[in-house]
Amino acid sequence: MNFEILPNEILIECFNYLNPIDLFYSFDYLNTRLSTLIRRIKLHVNFQSINKYEFDRFCLLIDLDFNIKQQTQSICLSNKDFCQIYFFLSKYSLNEFIHLRSLTLINVKEHNISQLQAILPFLSQLLTFRLVESDKRCDRILSALQISQLRILSIPRSSWFDQQSVLDISSIIKLSISDCNINTLHRILTLASTLTSLSIDYVGRNSNRILSEKAISSSLQKLIIKDFDEQCSELIHLLKRTPYLQSLTLVIDSDHHVFDADQWETFINSSLSFLRTFQFVFEYDHLNKLKQFQTYFWQYQHHWYTEYILFGDMSVVYTLPLILDRYSLTSNMNIFSNQSIDFKNKYDHVRDLTIDPQCEFRDYFSYITNLTLEKLVSTTINQYNIESMTKLFNFTHIKHLQIDLSCQIYTPCILLEIFKRAPNISSLSIDLQQLLPLLDVDEFCYYLKLTIKQLDLISKITILFENVYLMNKFCETFVNIEQITCCILERDSLLFFLNRFPKLLRLNIPSTMPRFIYHILDLEQEKLKLSIEIIFDLHLTSTHGLSMWIIHYSSYFQTIEKIKSYKNDSILNRIQMKMNRMFFKCVV
């Protein structure tokens, strides 16, 4: 079938699914009809996860074609890869996009604040504003916005609401907050008179006296709380203010006197009579009445299906399908599945799975990408256990493998079999004491060398230097490694990693003192004439210990191409500037 014989209406419908950056690159100037069509649709421009070259290319297109500004309804800018927000706001004033209705800013930097404060007050048409991963600058940015006109707002924390003596949020219908406290939550319900949807990642403890608000929120229909860390009595007080809720999602992973099934049934009947969707995960420190979550009220009247797990004297009950993205299958747990239904997709949200390979489980996890093995004793594992795991998940989906400290691995047979079945594993997290004895097996080393690009060594690495043979074997096995995370406290350990791994691009050193590393590098760069250049990743260094990029002079262009694959243009720009300065010095 020829794509061009489709009517305009179908083509426009298809185009709406594409990011305009890809849309224009693929279809512009193919013919007059397509070029005209892509300029007639509403554009939702998402610069997230694109490199500087693609960014500049689309900005040039904006400069050449005024229609793009006219048709743009939403813009997403991210500083994660390079300083997009600065570059974009330096080129354009956002009020040039006269139909801009939605703005998303990710990882706002300090130098962006003045730019945003200058333009945000004038975006009179803006209806949606999302601020992501910008906790420290949240309050100053929100103060520049015309909050009273917004319909959708997403912010990292709620402190700004507490600071406003006069607050007009009556127009907001959808609000998302990463971190909030119970008092602020009550204030939001009082002031947001048209709010229909509220999502909170974490509701934390409040050191102040908790408010006793009673006014009913007649508009709220959907409430999501992904981690509630207050007393259940405060939750019930909150829910009494939302009698018209139709959808409720709750995760309470510690027992704050959580209602049991009978109490929830009574409360829902009396105070939440409009509730149609109820998704939850509740943890209890007792084993009473868990079966009551599978009575007529839950299963047949409301179709809220549950199963529960027992861990000793602890228990967890949750609705199906499970709403969490992590799950553990361990030997000390008993799963009481719901026998009245056959849920094929009950764990489809789970991406991160922890298992004890010696245990048997019946369920299937369709989309696992991260696998953690715990309590593994290699001498008791056999082919049967491997076959059992193939019934749990698809090995080819696994990208990251972690070996828990509880594992006792005397032979690599089990891990070797996993690597044979999981060709897409590229990341391994393991204790060095577990790993080194396994390097005696050449076939296992072959698969490590072939697949592993990222290595996370859980323990201190001093043990590596106690045996010269194993140290050399380690270097030979991980000769293709690109990223290592390990705890380094000695000069020789640092120099070992910098000198012995020719393809190493990034070295992450958690929980260390940056000045110690800076001092060593300053001394050794001159003293030993290290054939590398170090570029510190300032964002990760401030939040995850110390992170550095390593540029090898002997393979400069290959190294640059590899770093490009990580889509970190801010590092690439800094590398280019540094290399230019070095070249200038050489010429002079």
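Please read these numbers as outputs of a predicted model, since none were measured by experiment.

A. Here's a closer look at the packing of helix H15 (residues 413-421) against helix H17 (residues 442-451). In contact at an axis separation of 10 Å, H15 and H17 are set at 40° when each is read in the N-to-C sense. Looking at the two axes, H15 sits oblique to H17. For H15 against H17, the interelement crossing comes out left-handed. On H17, the residues touching Leu415, Leu416, Phe419 and Lys420 of H15 are Glu443, Phe444, Tyr447, Leu448 and Thr451. Broken down by class, the residue content of the contact of H15 with H17 amounts to 6 nonpolar, 1 polar and 2 charged.

B. Region of the structure containing the environment of Ser78. Turning to its location among the elements, Ser78 is positioned in strand E2 (residues 72-78). A sequence separation of 27 residues divides Ser78 from Leu105, and the C-alpha atoms of the two residues are 6.0 Å apart. Other than its neighbours up to four places away in sequence, Ser78 contacts Gln48, Gln84 and Ile106.

C. Spotlight on the pattern of salt bridges. Evaluation of the coordinates by the stated rule reveals 14 salt bridges. Put simply, Asp201 and Lys226 hold a salt bridge, and the shortest N to O gap is 3.5 Å. Residue Asp201 is located in strand E7 (residues 197-204), and its partner Lys226 is located in the loop between strand E8 (222-225) and helix H11 (232-240); the two are separated by 25 residues in the primary sequence. Residue Lys226 is classed as partly exposed on the basis of its relative accessible area, which comes to 48%. For Asp352, the salt bridge goes to Arg326, with nearest N and O atoms at 3.1 Å. Here Asp352, found in strand E15 (residues 352-355), pairs with Arg326, found in strand E13 (residues 326-329); they are 26 residues apart in sequence, far enough to count as distant.

Procedures and definitions
Along each chain, residue indices are assigned from 1 in the same order as the chain's sequence is written. Thresholds applied to this predicted model are a pLDDT of at least 70 for local features of residues and 80 or more for the giving and counting of side-chain atom pairs; totals over whole chains, interfaces and linings are not thresholded and use all residues. Derived side-chain values reflect all non-hydrogen atoms in the structure, with water molecules and hydrogen atoms excluded from consideration. Every axis in this analysis is a line fitted to C-alpha atoms, fitted for helices over the stretch in contact. Angles between the N-to-C directions lie between 0 and 180 degrees. Under the DSSP-based scheme used, a helix requires at least four consecutive residues in state H or I and a strand at least two consecutive residues in state E, with every element numbered from the N terminus. Here roughly perpendicular refers to angles of 65 to 115 degrees, roughly parallel to angles under 35, roughly antiparallel to angles over 145, and oblique to all remaining angles. It is the rotation of the near helix from the far one that decides the hand of a crossing: anticlockwise by less than a right angle makes it left-handed, clockwise makes it right-handed. Whether two residues are in contact is decided by their heavy atoms: any pair within 4.5 Å suffices. For this classification, Asp, Glu, Lys and Arg are treated as charged, while Ala, Val, Leu, Ile, Met, Phe, Trp, Tyr, Cys and Pro are nonpolar and the rest, including Gly, are polar. The term salt bridge refers to a side-chain nitrogen of Lys or Arg lying within 4 Å of a carboxyl oxygen of Asp or Glu. Here's how the labels work: a residue is buried when its accessible area is under 20% of the maximum for its type, exposed when over 50%, partly exposed in between, all with a 1.4 Å probe on protein chains only.

Such coordinate-based values are descriptive only and should not be taken to indicate function.
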